[in-house]
Structures are given as C-alpha cells and as structure tokens.
Amino acid sequence: MSIGKYTLVNGSFVPTDEFRISLAECEAILFSERIRSVRTAFPFFGETLELIKIKLRLFGQSYPDFTGNSGSGLKRQLERTLTKNKHFLGAVFTVSFRFYDQKMQYTIQSEKLKNTDYELNEKGLYVEVFDEIHKPASIISHLSIGSEIFWNLAGNQQTNPMIDHFLIASIKGYILEIQEANIYLIKGELVRGASRSQGAYQDISRPIVIEIFRKLDLEYSEEKGISIQDLKEADEIMTVNTIDGIRWIVGFEGKRFFNNTIRKISELFHRSILVE
C-alpha cells in the first residue's frame, strides 16, 4: 500500500512527510480504527461508527460533532481525505483519536490499496499457533483494544518467513483468531467459528458472513472450541475482516486445505458489499 501525501489533522491537511506530534500527544492517543473504501463507497461504515462510539464510551469520552447525524461529520472528512490524496479506486483509512489539551482530537491517514475490490487471495496463507502467551476471555476481548497486545506479541515473534500469520489461542488452548480477523473452519456442510465467550475477537464483518453461510445452506456453530486437531481435520479454513475480506488458509503443520467453498463465500461477500 502507498500512504497518502496528506494527513488530515483536526480538519486541516498537513503534508504527511511534515506531520509530527509531540510526546504528550503520542501518549494521549486513545485508539485507532481502520475503514476501507471501495471506489467512493465505505463498506461497513455504519458498523464501524458504532464501534467507534463503543470505544469512546469505554474511555469515558464522547464526540457528537464527529459521530452524530449517522456519522455525517466523519464520512465528510473521509471523503475529503480520499479526494485530497486521489485514492479514488480504493484505500484504507486509519482514524486515530486522542484526548489532548482538554478536547478530543483526531487524525485521518489514507493508504492506497493494490486491489480496488475485495478479492480472494490466490496464494494461500500458511499459519501456525502462537503458544507463548494465551489470550483470556474478558469484557473487551472481543474488541481490538482487548486483543491488540496479543496480536503484537505474536507478530513480534513471527520470524519464520514461511509463516504468514500466527493463530491466537485461548487459555484452554482453543484457537480464537488471527491478527485483526476471525477464523472459520469448513468441514462438509458445517462451518465452525470461535465465540465471544471463549475470548475471541469479533470483527464487524461477522453478521454478513454468517448470513452468507445461511444462503449457501451451511450450518454455522460456535458451541465447541476449535482445537488444533479440528484444524488438521478441516477441509477448508478462512479468515475474514472488513479490510482484507476473505482470506484462504492453505497450510497448517503439513496439512493442505482446499478453497472450493471459500470461493463461493468470497463471491457472495463481494456481492453483498456492492449492494451496500
């Protein structure tokens, strides 16, 4: 991805190469949220807006000028950034919030995407389990702010060039997720996922993905935890989030997986986004 030449800082554009923040401002950052654009549309905007509101409340803050009126203020700033950086075909925006100098401040940066639309990866991903530290279930473990520390710890220890991602495991040893994405196992007509009660991160793409399973007459279940043996016995494995869409996992510990059903899911996912 190619980062935009301009960064929006509290409503004004600053050349990205010249953008600086002080140490105090850096320490004041509350959280960041990513939003994807497909041409000039913002898939999952409403869901992302609700997520931003939840996180602001968790930090004891509100931002009505930005989040009110169905997020019209935020959407306007995204559109301005899209136009300024000429990222019309597709981009990922990082919106960062900080409470500094007794007021809420924000920055928006955009990065140009290689692919305009959501596309299934032709080269499958290779994964292995991160077992140094296990993720516990908590009241925020389903959110990125309750999961990022485990993603970062795993990412910093990912030194094998043959492995694309680490799988994050729960205290009980069940597979929960990969970084910023949900994981789904397909075996026959059954799809299994990890539940919030187990401590799994829940991407906002989850409802639309479950609806796609229903349309394909696939049974979805989160009742049992996903074990390492379950991974090995699966026919297909995929990950999903709102930024990358559907991602096919091809290998785990010598086992190779197909993507026949995943291709059908990916096609319906793309159609659903177009409808939005």
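All figures in this text were calculated on a predicted structure; none of them were measured in a lab.

Student: Describe the pattern of salt bridges, with residues and values.
Tutor: A complete count under the given rule lists 11 salt bridges for this structure. Note that Asp230 and Arg192 form a salt bridge whose closest N and O atoms lie 3.2 Å from each other. A residue pair is termed long-range when its members are at least 10 positions apart, and Asp230 in helix H6 (residues 228-233) and Arg192 in strand E11 (residues 190-193) qualify at 38 residues. As far as burial versus exposure is concerned, Asp230 and Arg192 are alike and both buried. The closest approach of N and O atoms between Arg214 and Glu211, which form a salt bridge, is 2.5 Å. Of this pair, Arg214 and Glu211 both sit in helix H5 (residues 206-215), three residues apart, roughly one helical turn. On the basis of relative accessible area, Arg214 is assigned to the exposed category, the value being 52%.

Student: Describe the packing of aromatic side chains, naming the residues involved and giving the relevant values.
Tutor: Under the definition given, this model contains 15 aromatic pairs. Just above the ring of Tyr118 sits the side chain of Arg36; from NZ or CZ to the centre is 4.1 Å. Cation over ring: Lys75 sits above Phe45, and NZ or CZ is 4.7 Å from the ring centre.

The rules behind each value
Residues numbered from 1 in each chain as written. Predicted model: local features only at pLDDT ≥ 70, side-chain atom pairs only at ≥ 80, totals over all residues. Heavy atoms only, no water. Salt bridge = Lys/Arg side-chain N within 4 Å of Asp/Glu carboxyl O. Helix = DSSP H or I, 4+ residues; strand = E, 2+ residues; numbered from the N terminus. Buried < 20%, exposed > 50% of the residue type's maximum accessible area, 1.4 Å probe, protein only. Phe/Tyr/Trp six-rings, centres within 6.5 Å; stacked < 30°, edge-to-face > 60°. Lys NZ or Arg CZ within 6 Å of the ring centre and 35° of its normal.

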